Amino acid sequence: MISRIASFHNYQSVSNDLMRQQVKLQDNQDQLATGKRVLTSGDDPVASIYIQNFRQQDKQLDQYVDSITLARNRQTRAEIAIDDAEQLTDSAKRKTMEMINGSLSDDDRTAHRQDLKGLYDNFMNLVNAKDESGNFLFAGTQSSKQPFYRDSSGDVRYAGDSYHRTAQVAPAVEVQTSDPGDQVFMEIKNPFGDYQPEYELESGSLLLLASATNTNNADISEYAVSFNVDANGQTQYELMQNGNVVSTGMYDPQTGVEFGTLTMRFEGEMLDGDTIALERQDTFNVFDAFKKGIDLSRESIFDASATAELHQVTEQFSAAFKHLNKARSEVGTRLTTLDRQESMHQDFKLVLNRSLGTMEDLDYSTAVIDMNENLLALKASQQAFSKTKDLSLFNYI
């Protein structure tokens with residue numbers, strides 16, 4: 001009975017030793033097959049924690065890079081659209097300037113009007129451009145809704161919102177990825193200051209408003225200034241506020257017309273009876289400039305008021321061009337930020353991979369030596385087991 005128990009335990013001990021040697025050899029083979037030193041947390045508990053953290057950071061960097069790629073694609077498309085809008089605006093300004101030429105015939109005016117209509121239609125297509133995913137670029141956060149449309153009167157309305165979308169491209173860095181269309185195309189700084197002029201000029205007049213500013217933002221009155229030339233050739237002005245005369249005097253081209261917080265400057269040659277009405281307007285939208293330019297092209301080339309308003313449209317197109325150029329520059333700045341962040345992420349990924357390799361990668365020479373040692377140990381255990389398993393007292397009876 002005692003001999004049977006001793007034999008059993010001896011067999012079990014040798015069998016367990018064989019299994020341990022086989023497991024070690026299998027681990028060596030798995031390491032050589034994968035090229036990794038740490039396959040489970042049991043291989044190196046401390047290193048496995050660092051490896052897990054490195055992998056998590058690497059995945060987070062991949063997500064940031066993907067976000068940067070999507071943001072770059074959208075911003076690149078927006079930059080192209082704004083650049084094309086710039087070119088169309090500049091072409092519209094040139095067409096409007098050509099229509100001011102008094103030597104044009106009616107047929108020439110008609111041809112220029114058709115060209116301006118074509119530019120306007122192309123401009124409308126651009127402001128409703130989409131990205132590669134089919135989302136509208138200039139609709140704010142309402143990317144599935146067409147932002148701009150013409151109503152029954154031909155005026156352009158905005159259906160988007162005034163917000164923008166952002167993308168997180170680093171732990172503490174968010175980059176704007178869209179521009180609301182109203183801020184890009186409908187909130188352009190008035191090139192004349194705080195007022196838009198409406199002209200009632202005598203035939204042959206060359207009077208133009210250079211600027212009209214009012215430091216009192218609460219003043220929303222409507223103003224109108226008229227000029228009268230007396231028999232001595234002296235020019236008098238009469239300023240009206242909401243239909244009431246509030247100031248008169250001798251007009252001095254150096255100082256213009258001043259009344260309280262209101263300052264007006266003029267250029268060109270004025271005639272007796274010329275009147276300019278001023279309506280408070282800090283900004284304008286480029287669509288109104290297109291529409292007004294097309295409407296004015298139907299007027300006679302001898303209409304001084306229409307010619308002055310064409311000058312006004314020209315200045316608006318020039319201001320719109322500068323505004324769009326600034327918007328495109330802002331998009332370019334965002335693209336630069338995206339490129340810089342992506343480069344930083346790629347550099348950090350290299351550092352992470354290098355650190356991960358230090359912790360995880362296998363030293364093949366050491367691994368081969370360990371495997372050979374474990375293989376020899378396994379063979380020795382197998383030979384020892386084969387000899388001891390036959391030991392019994394019956395062999396000596």
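Calculation rules
- Residues numbered from 1 in each chain as written.
- Predicted model: local features only at pLDDT ≥ 70, side-chain atom pairs only at ≥ 80, totals over all residues.
- Heavy atoms only, no water.
- Pairing = 2+ DSSP bridges.
- Helix = DSSP H or I, 4+ residues; strand = E, 2+ residues; numbered from the N terminus.
- Axes fitted to C-alpha atoms, helices over the stretch in contact; angles between N-to-C directions.
- Phe/Tyr/Trp six-rings, centres within 6.5 Å; stacked < 30°, edge-to-face > 60°.
- Buried < 20%, exposed > 50% of the residue type's maximum accessible area, 1.4 Å probe, protein only.
- Core = buried A, V, L, I, M, F, W, Y, C linked by side-chain atoms within 4.5 Å.
- Contact = heavy atoms within 4.5 Å.
- Salt bridge = Lys/Arg side-chain N within 4 Å of Asp/Glu carboxyl O.

## Regarding the sheet that holds strand E11 (residues 257-259)
- With antiparallel pairing, three strands are arranged side by side in an open sheet as E7-E12-E11. Bordering the open sheet on either side are strand E7 (208-214) and E11, each of which pairs with just one other strand. Taking each pair of neighbouring strands and ignoring which way they run, the sheet shows an average axis angle of 10°.
- The pairing of E11 with strand E12 (residues 262-267) spans three bridges and is antiparallel. When the sheet's bridge partners are listed, Phe259 is paired in E12 with Leu262.

## Topic: the packing of aromatic side chains
- By the definition in use, this model includes 15 aromatic pairs.
- Ring geometry for Tyr120 and Phe290: centres 5.0 Å apart, planes at 5°, overall stacked. Of this pair, Tyr120 sits in helix H3 (residues 106-127) while Phe290 sits in helix H5 (residues 286-296), and the two are 170 residues apart along the sequence. Each member of the pair Tyr120 and Phe290 is classed as buried.
- Note on Phe123 and Phe185: the rings are 5.7 Å apart at their centroids and 85° apart in plane angle, and the pair reads as edge-to-face. Within this pair, whereas Phe123 is found in helix H3, its partner Phe185 is found in helix H4 (residues 181-186), the two being separated by 62 residues in sequence.
- Exposure remark for Phe123: the relative accessible area of 0% places this residue in the buried category.

## Topic: the nonpolar core
- Among the nonpolar cores identified, the biggest contains 47 residues, and Phe123, Phe148, Phe185, Val286, Phe287 and Phe290 are the most heavily contacted of them.
- Listing elements by their share of this core, those giving two or more residues are helix H2 (45-99), H3, strand E2 (156-158), strand E3 (166-170), H4, H5 and helix H6 (304-360).
- Here this core gets 11 residues from one element, more than from any other, and that element is H6.
- Leaving out residues up to four positions away in the same chain, Phe287 has contacts with Tyr120, Phe123, Met124, Val127, Phe148, Val156, Phe185 and Met186.
- Of all hydrophobic cores here, the second largest spans 23 residues; its members include Leu209, Phe227, Val257 and Ala308.

## Observations regarding the pattern of salt bridges
- Counted according to the given criterion, the structure contains 18 salt bridges.
- Residue Asp62 pairs with Lys349 through a salt bridge whose shortest N-O separation is 2.8 Å. You can see Asp62 sitting in helix H2 and its partner Lys349 sitting in helix H6, a full 287 residues away along the chain.
- Take Lys349: its relative accessible area is 13%, and that puts it in the buried class.
- Note that Arg298 and Asp295 form a salt bridge whose closest N and O atoms lie 3.4 Å from each other.

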